[in-house]
Structures are given as structure tokens and as C-alpha cells.
Amino acid sequence: MAEAIRSLTHLLEVASSRRFLAVVEPGDRGLAESLPFPFVSIVSEWEMKLSLLLAVINPAVGGVLLLGPRGTGKTTAVRSLSPLLPDVMRSLCAYGCMPEDSETGGIESICPDCAKKLGQGDPLTFKDRSRLIELPLHSELADVIGGIDERAAAHQRMQIKPGILSHADRNLLYVDEVNLLKREVADAILDAAAQGVYTVRRGPISATYRSRFILVGSMNPEEGMLRPQIADRFGLRAIVRGLGSSTERWEAYQRSHAFELNPRGFIEYFREETETIRDEILAARSRLQGVQLAPETVRRGLDAIQKLKVSSLRGTSVLFEAARAYAAADGRDRADPADLNAVAALSLRMRRSDFMDRYATDLKQVDTAIRDAFQPVKRKKK
Ligand SMILES: [Zn+2]
């Protein structure tokens, strides 16, 4: 790369604004479908890329909702994250027992098998890559949370078969067309995302699974909006606008054409930047814990939230967590007011409730009318 890398955010700008001039010879296209388009080679769409990176750096922002019309590369962008996801310690057990569970919640908080292993000094976890799990379209509740294991039932045994949510543990869960999900399915996913665990009950048996995942949803607003209570539960909301200029459009076309001709060659062309961005994400993740909010940042953030009448408490937490992630991505240990500005729209848009505004105004009018209907009365002295 010609320029020195100053930060993750800088890298993103450099890689995506560079002209793609390489000649990629046609190559093996056999596995093209399973190879993700390199994240750093996505043209423009700064807001989408930034919000995805912030969610990976700091899962406490609570995931991302991508809003944009069809064909704007939302799914491509999410899939391109998969080589950038960090390694995680994964449980060897179907219930997701972790050694730290027994440290915080005692031996009762892990399953009997794992308690035995722990007693013998055997490991409960192994190191693994974080993966991208895609929720299939039209998933039913039983697919998502799990249901009766039919094969076990055929042997007269009642057993619960884990659902997609249990496989999402410590991974990134991508839900395309989240606005078209059945209400019960959307609720189950969001509850699990918020609590990090979920319980399946089927008749006399139940099982509890870990489900700590980064949730990314995408939707086309033309096909119907999300219920407000669902939209509020996504941390960041990125608007995917589509490419703005003919230059960008031509650049994007050349890149996707080169990728189709020779996916491996194209990925190789962006290998160095991909490795750098992966290292930068890891560095930002380990820096994050030490990133403090400057007092000025807290004051300005709270003032703005008050002024904007954002009633959702989640808005406050998302704004500050996103600012911390942004500071970490830029290699700083203190989140400044400028970091707030960088993430404010992503964190706070679509949080103000017009309904609650109207409701409060109506209520005030009714209260005034009631007060007016009663003449003021002086209380008699006893
Ligand atoms: Zn276990």
C-alpha cells in the first residue's frame, strides 16, 4: 500500500476509494459462491461499513440494522465480514457451558458433564473462528429456538434438538429481510440477543442454551417497516443509499466483474489490506476495555439526547458504546466529542417516537381540560 495506515477508519477510506487498476486474469470460478467478496474492496457505503465494524469491535452496541433498497450490496457486505471476525473460545458442550460460568455462578451454573470435566481438570472450551450464521428466510420458531428431536422421539426418548440460535453462540447472526419475519420468531431472536441465553420448553423437558451473538439485520423499507419495539432493539441503524456517482458505479462494476472472473485472484489482490484490517479489529477489540468517555463527551451526549427527546434508554447506551468503539478503532484510549459526532446518526436515528410525542401532547390537553372543568376550591381548615 502506498499510504501508511493511521487507523482502521483511515484504512477503510483508502482501500475503498483507490482505483482498481489490476488486470485479473480469468481463473477458477468453481467455488466463487463460497468465497466472500473482500470487505475492504466494497466501494463507498461508508456508513454501512463503519457500523458493521463498530458492532464487531464492541458487541455492546447491540448489533446493526441495515436499511436500503434491493441490490445495494447489504448481504454482500455482511458476508464479507466473515474473514474479519475474531477468534473466540467456544464451549465443547451443547449447552455452551464456559469455565467463567462456574466462577461467577458456581458449579450449579454448568451442566453435570462439564462439572465433572472441570473437576478432572479437562478443558471445557477450544479456540475457534467466529462464524457468520445466516438465518434462512421463512424460518419457523422451531427452527430458530429448537424443538423435539424427531429421531430421538422415534426411540421413545424425549430430547430437544438445538435450534439456529444455539449455533449462533459466539458468532455473527445475519437476518435478511428482518421486517418480514414472523412476530414470534423476531421476538425470540431479539430476546436471545438481549439476554445471551434462551430456554426451550417442550412438555416435561426443557433446555437452556447460550446465545451470545452479534446481530445484523437487513431490510428494504419499501417492503414495510419494522414494529417500533423491534427497531429500537437494534443498536446501530445504517442507511444504505446505493452508489452516488457514475465514477463509483463504474468502479463497483469493475470490481465485481473482476471478482466474478477470478474470485481467488481478486481476494489475493486485496489480501494485504484484508489482513491489516483484521489485525486492526483485533487491536481495537483489546483496546476497547480501557477506552474511557471524556467528561465533555458525557455532558454533550446527554445534552443532545435530552434535546432530541430520545426516550429510549437504549439510545444513550448505544451512543456511548459506539463512541468508545470508534475511539478504539482510531487507536485512542479516550472517546472525545468528535467520536460522538461520528456515530450520532447511526445510534440515535429512528429512536424518537412520534407516537409518544403526540400522546404526551394529547395527555397534557386532557389534563388542562380536566383542571379547567373544576373550579379551584379552598380547603376548609379543620
Ligand atoms: Zn456443559
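All of these numbers come straight from a predicted model, not from anything done at the bench.

*Asks:* Would you mind showing me how to read the overall build of the protein here?
*Replies:* Helices and strands together make up the secondary structure of the protein, namely 17 helices and 13 strands. On the principal axes, the C-alpha backbone points of the protein span a range of 95 × 65 × 40 Å. The contacts of the protein with a sequence gap of at least 6 include a subset with a gap of at least 24, amounting to 80%.

*Asks:* Would you mind showing me how to read the packing of helix α14 (residues 295–308) against helix α16 (residues 337–348) here?
*Replies:* Between two packed helices, both the angle of their axes relative to each other and the distance between the axes serve to describe the pair. For the pair α14 and α16, the least separation of the axes is 10 Å and the interaxial angle reads 30°. The angle between α14 and α16 falls in the class roughly parallel. Considering only the axes of α14 and α16, their crossing is right-handed. Two secondary-structure elements touch here, α14 through E296, T297, R300, G301 and L308 and α16 through P337, D339, L340 and L348. Classifying every residue of the contact of α14 with α16 gives four nonpolar, two polar and three charged.

*Asks:* Explain the sheet that holds strand β7 (residues 172–176) here, please?
*Replies:* Strand order across the open sheet formed by five strands is β4-β7-β10-β1-β11, with parallel pairing between neighbours. Edge positions in the sheet fall to β4 (132–134) and β11 (236–239), since each has one partner strand and no second. Along the sheet, successive strands turn relative to each other by an average axial angle of 20°, direction set aside. Note that strand β1 (residues 64–67) and β11 share four bridges and pair parallel. Within β11, the position partnered with L67 by the bridge is I239. Contacts between helix α2 (residues 46–57) and the sheet are confined to β1, β10 (214–219) and β11, with β11 contributing the most and set at about 160° to the helix.

*Asks:* Looking at this structure, how should I read helix α11 (residues 246–261)?
*Replies:* With 16 residues, α11 extends 22 Å between its outermost C-alpha atoms, agreeing within 8% with the 22 Å of an ideal straight helix rising 1.5 Å per residue. Residues of α11 that are buried include every one of E251, A252, R255, A258 and F259, and no others. Angularly, the buried residues of α11 cover 130° about the axis, an arc narrow enough to put them on a single face. Exposed residues lying more than 90 degrees from the buried face of α11 are S246, Y253 and H257. Buried residues along α11 sit in contact with α12 (263–269).

Analysis parameters
- Residues numbered from 1 in each chain as written.
- Predicted model: local features only at pLDDT ≥ 70, side-chain atom pairs only at ≥ 80, totals over all residues.
- Helix = DSSP H or I, 4+ residues; strand = E, 2+ residues; numbered from the N terminus.
- Contact = placed C-beta atoms within 7 Å.
- Axes fitted to C-alpha atoms, helices over the stretch in contact; angles between N-to-C directions.
- Parallel < 35°, antiparallel > 145°, perpendicular 65-115°, else oblique.
- Left-handed = near helix turned anticlockwise from the far one by under 90°.
- Nonpolar A, V, L, I, M, F, W, Y, C, P; charged D, E, K, R; others polar.
- Pairing = 2+ DSSP bridges.
- Expected span 1.5 Å × (residues − 1).
- Buried ≥ 20, exposed ≤ 12 C-beta atoms within 10 Å, placed from the backbone.
- Arc of directions from axis to C-beta.

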